[in-house]
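Here's the letter readout for the chains.
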Amino acid sequence: MKTIFWKTLFGNALLLCAVLLIVFGFTSSGADVNDNKPKDVVNDKNQNERKTLEMVFALDTTGSMGGLIEGAKQRIWGIVNEVMQSESRPNVRIGLVAYRDLGDRYVTEVFPVTDNLDAVYTTLMDYRAEGGGDTPENVRRALADAVNKARWSQPSDRVAQVVFLVGDAPPHTDYQDEPDTKETAIEAKRKGMIVNAIQCGNISGTKEVWQEIAQYGGGRYFAIPQDSGVVTIVTPYDEKLGALSNQLGGTYIAFGRREAQAAAKARQSAAEEKIALAAAESAKAERAKNKAINSRSYAGDFLQDIENGSLKLEDVKPDELPEELRNLSPDERKQEIEKRQAQRRQIRAEIMQLSKDREDFIKKERAKSGVRNSFDSVVAEALKAQLAAKGFK
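Everything quoted here is computed from the prediction, not taken from an experiment.

(A) How the structure looks around the overall build of the protein chain. Secondary structure summary: the protein chain contains 13 helices and 6 strands in total. Burial analysis of the protein chain (393 residues in total) assigns 48% to the buried set. In the protein chain, once contacts between residues fewer than 6 apart in sequence are set aside, the share between residues at least 24 apart is 82%. Element-wise, carbon and sulfur atoms account for 52% of the exposed surface of the protein chain, whose accessible area totals about 19800 Å².

Dropping the structure here:
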């Protein structure tokens, strides 16, 4: 009897150990149990604690600048993504100054600095290379507007402010009512800005002025090909990333007064449609990544603002809640928000994995063709050095 008792006890003990091993041992070992749980890939630092890069691109949009404009459309998202993924993970705000000359449809068009990158990009998409005629352009007005009319934030040791003047022709020196480019560059530096000058092509008389602007603006001078030098590499991941970006955009929900919600939804829908129809696949792929890493991806988005901490659910008035959540009980509302945020995390995780595969593919392709001075490469080079000097890691 004793033998049977001890055998039974021993067998039960073994069974219990096996159960415990299955429950605790495998799950804590880091095996495949929770590997499919999406990770939060949004910027995880408090957005008010992060440093900020503000940059304004003053772009010559006359007839000879088609290659540069298209290159900027292709690579602006990639430039932003590189900055946002640096160690300090700064916020990024961008402004634009399109410039031509007297007698053209406009002399300058100023799009003020903003963190609404979709608004920046859809504005850039509308730029066309037209006008000009005589060689010089109104560079004087362009640089002055970039420095004085772009609605920069107040100077701070937490904000880096950088101008990129990009063009192929010298300024009109006979426009005596326009401020001299050297004086404007000096003014910019005095305000704490950095002015870089990027020359496209090799029109006589441009290099000397561009170098002077960079010198007195505390920035750098670069020479790139007339066509911008941007090389677009099509990858097998572009289309899927664009689709995921559309899917992520479809989770947008507005809040605030009814009229404000309707206007925000209309703006977001218009931007998504315009980009889906007209943007290059490579640009859509890089925009998708930005939507995954940028805690300010969408203007006026309820889920995003709850997630990044700039909005508290309990502070939202009942009549300003998103329509989709207004008629739910408090508990149901929280559950619905968690459900939608989980959906976003899953999409972002897919975007990040595909983006990594895409970047590996591009790296291999670029290794075959070699390095070429281009709009995106010189902007990245300047930003890396200038942000480091400003204390951005």
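(B) Representation of the nonpolar core. Core analysis: the largest hydrophobic core is formed by 45 residues, its most contacted members being Met55, Phe57, Phe164, Phe375 and Leu383. If one sorts the elements of this core by residue count, helix 2 (residues 66–84) sits on top with 9 residues. Leave out the neighbours within four places in its chain, and Phe57 touches Ile76, Ile94, Gly95, Leu96, Val97, Phe164, Phe375 and Val379. Membership of the second largest hydrophobic core comes to 23 residues, among which are Val139, Ala142, Val163 and Ala188.

(C) Structural detail: the confidence of the model for the protein chain. Of the residues in the protein chain, 88% reach a pLDDT of 70 or more, and the chain-wide mean stands at 89. A low-confidence stretch, residues 1–11 (pLDDT under 50), is modelled with 0 contacts involving residues beyond four sequence positions or located in other chains. Note that pLDDT drops below 50 for residues 13–45; the model gives that stretch 37 contacts with residues more than four away or on any other chain.

(D) A look at the layout of surface pockets. Roughly 1200 Å³ of volume is contained in the largest pocket. Lining the largest pocket are 38 residues; nearest its centre among them are Arg75, Glu82, Arg366, Asp376 and Ala380. For the second largest pocket, the lining is made up of 14 residues, of which Asn116, Ala119, Arg267, Gln268 and Ala271 are closest to its centre. Residue assignment for the lining of the second largest pocket shows that the elements contributing at least two residues are helix 3 (117–125) and helix 8 (258–278). Among the residues making up the lining of the second largest pocket, the classes are represented as 7 nonpolar, 4 polar and 3 charged.

(E) The packing of helix 9 (residues 281–293) against helix 12 (residues 330–369), seen in detail. The geometry of helix 9 relative to helix 12 is characterised by a closest axis approach of 9 Å and an angle of 130° between their N-to-C directions. On the basis of the axis angle, helix 9 is oblique to helix 12. The way helix 9 lies across helix 12 gives a crossing that is left-handed. Residue-level inspection shows Ser282, Ala285, Glu286, Ala288, Lys289, Lys291, Ala292 and Ile293 of helix 9 in contact with helix 12, the latter providing Arg348, Ile351, Met352, Ser355, Arg358 and Glu359.

(F) Fine view of the packing of helix 2 against helix 9. One way to put it is that helix 2 packs onto helix 9 with a least axis distance of 8 Å and a crossing angle of 25°. In this view, helix 2 runs roughly parallel relative to helix 9, as classed from their interaxial angle. Between helix 2 and helix 9 lies a crossing whose hand is left-handed. Residues Lys73, Gln74, Arg75, Trp77, Gly78, Val80, Asn81 and Met84 of helix 2 touch helix 9, and the partners they reach there are Ser282, Ala283, Glu286, Arg287, Lys289, Asn290 and Ile293. Tallied by class, residues from the contact of helix 2 with helix 9 come to 5 nonpolar, 5 polar and 5 charged.

(G) Quick look at the pairing of strand 6 (residues 218–224). Bridging between strand 5 (residues 194–200) and strand 6 involves 5 bridges; their strand directions are parallel. If you follow Ala197 over to strand 6, its bridge partner there is Tyr221. Traced from strand 5 through helix 6 (residues 206–216) to strand 6, the parallel crossover comes out right-handed.

(H) Layout of the sheet that holds strand 6. Strand order in the open sheet made by the 6 strands is 3-2-1-4-5-6, with mixed pairing throughout. Either end of the sheet is taken by a strand with one partner, and the two such strands are strand 3 (108–114) and strand 6. Ignoring which end each strand starts from, the neighbouring axes of this sheet average 15° apart. As paired strands, strand 4 (residues 159–167) and strand 5 are joined by 6 bridges and run parallel to one another. Paired with Phe164 across the bridge in strand 5 is Asn196. Each of strand 1 (52–60), strand 2 (91–99), strand 4, strand 5 and strand 6 touches helix 2; the most contacted strand, strand 1, lies at about 170° to it.

(I) Layout of helix 4 (residues 139–148). Of all 10 residues that make up helix 4, 8 are buried, and the element is covered over most of its length. Among all positions of helix 4, only Val139, Arg140, Ala142, Leu143, Ala144, Asp145, Ala146 and Val147 are buried.

(J) Looking closely at the side chain of Asn294. Mapped onto the elements of the fold, Asn294 is located in the loop between helix 9 and helix 10 (302–307). Overall, the relative accessible area of 5% leaves Asn294 in the buried class. In this structure the side chain of Asn294 is engaged in a polar contact, spanning 2.8 Å, whose partner is the backbone nitrogen of Arg296.

(K) Just helix 12, in detail. Helix length check: helix 12 (40 residues) gives 58 Å between terminal C-alpha atoms against 58 Å at 1.5 Å per residue, within 8%. Turning to helix 12, its buried residues number three or more, namely Arg333, Glu336, Ile337, Gln341, Arg344, Ile347, Arg348, Ile351, Leu354, Ser355, Arg358 and Ile362. Buried residues along helix 12 sit against helix 7 (238–249), helix 9, helix 10 and helix 11 (323–326). Following helix 12 by one or two positions, Gly370 has its phi on the positive side, about 85°.

(L) Up close: the packing of aromatic side chains. Scanning the entire structure with this criterion turns up 6 aromatic pairs. A ring pair is formed by Phe57 and Phe375, whose centres lie 6.0 Å apart and whose planes are at 55°; its orientation type is tilted. Of the two residues, Phe57 sits in strand 1 while Phe375 sits in helix 13 (residues 375–389), which places them 318 residues apart along the sequence. With a centroid separation of 5.7 Å and an interplanar angle of 65°, the aromatic rings of Phe255 and Phe302 are classed as edge-to-face. Of this pair, Phe255 sits in the loop between helix 7 and helix 8 while Phe302 sits in helix 10, and the two are 47 residues apart along the sequence. Looking at Phe255, the relative accessible area reads 23%, which means it is partly exposed. On the accessibility criterion, Phe302 (0% relative accessible area) is buried. Taken together, the aromatic side chains of Phe57, Phe164 and Phe375 make up a single cluster linked through ring pairs. Here Lys291 stacks its cationic end above the ring of Tyr298, 4.3 Å away from the centre of that ring.

Conventions and cut-offs
- Here the residue numbering is sequential within each chain, running from 1 through the sequence in written order.
- This being a predicted model, a pLDDT of at least 70 is required before a residue's local features are given, and a value of 80 or more before pairs of side-chain atoms are given or counted; all residues contribute to the totals for chains, interfaces and linings.
- Only heavy atoms go into the side-chain values, all of them from the structure, while hydrogens and water stay out.
- Each helix is a run of DSSP H or I of at least 4 residues and each strand a run of E of at least 2, with the numbering of both proceeding from the N terminus.
- Burial classes: relative accessible area under 20% of the type maximum marks a residue as buried, over 50% as exposed, and values in between as partly exposed (1.4 Å probe, protein chains only).
- Contacts were defined at the residue level, with two residues in contact if any of their heavy atoms lie within 4.5 Å.
- Here the Shrake-Rupley method, with its probe set to 1.4 Å, supplies the accessible areas, and only the displayed protein chains count as covering residues.
- To form a nonpolar core, buried Ala, Val, Leu, Ile, Met, Phe, Trp, Tyr and Cys residues must be joined to one another through side-chain atoms within 4.5 Å.
- The predictor rates its confidence in each residue with pLDDT, a number between 0 and 100.
- Residues are called lining when one of their atoms sits within 4 Å of a cavity or pocket point, these points coming from a 1 Å grid over the protein atoms alone, where a cavity is a set in which a 1.4 Å probe fits but cannot get out and a pocket is an open set with protein on both sides within 12 Å along at least five of seven lines.
- Grid points are joined across faces, edges and corners, and a volume is the space filled by probe spheres set on the points.
- Under the scheme applied here, ten amino acids are nonpolar (Ala, Val, Leu, Ile, Met, Phe, Trp, Tyr, Cys and Pro), four are charged (Asp, Glu, Lys and Arg), and all others, including Gly, are polar.
- For helices, the axis comes from a line fit to the C-alpha atoms of the stretch in contact; other axes are also lines fit to C-alpha atoms, and the angle between any two N-to-C directions lies between 0 and 180 degrees.
- Throughout this description, any angle smaller than 35 degrees is read as roughly parallel, any larger than 145 degrees as roughly antiparallel, any in the 65 to 115 degree range as roughly perpendicular, and the remainder as oblique.
- We call a crossing left-handed when the near helix sits turned anticlockwise from the far one by less than a right angle, and right-handed when that turn is clockwise.
- For two strands to count as paired, DSSP must find a minimum of two bridges between them.
- With its strands directed away from the observer, a crossover is right-handed exactly when the path from the first strand over the helix to the second travels clockwise.
- Polar contacts here mean pairs of N or O atoms no more than 3.5 Å apart (in protein, one a potential hydrogen donor and the other a potential acceptor; neighbouring residues in sequence count only if both atoms are side-chain atoms).
- Expected span, for any helix, means 1.5 Å times one less than how many residues it has.
- Under the pairing criterion, centres of Phe, Tyr and Trp rings, with the six-membered ring standing for Trp, must be within 6.5 Å; the plane angle then separates stacked pairs below 30 degrees from edge-to-face pairs above 60, leaving the rest tilted.
- Two thresholds decide whether a charge sits over a ring: the Lys NZ or Arg CZ must be within 6 Å of the ring centre and within 35 degrees of the ring normal.

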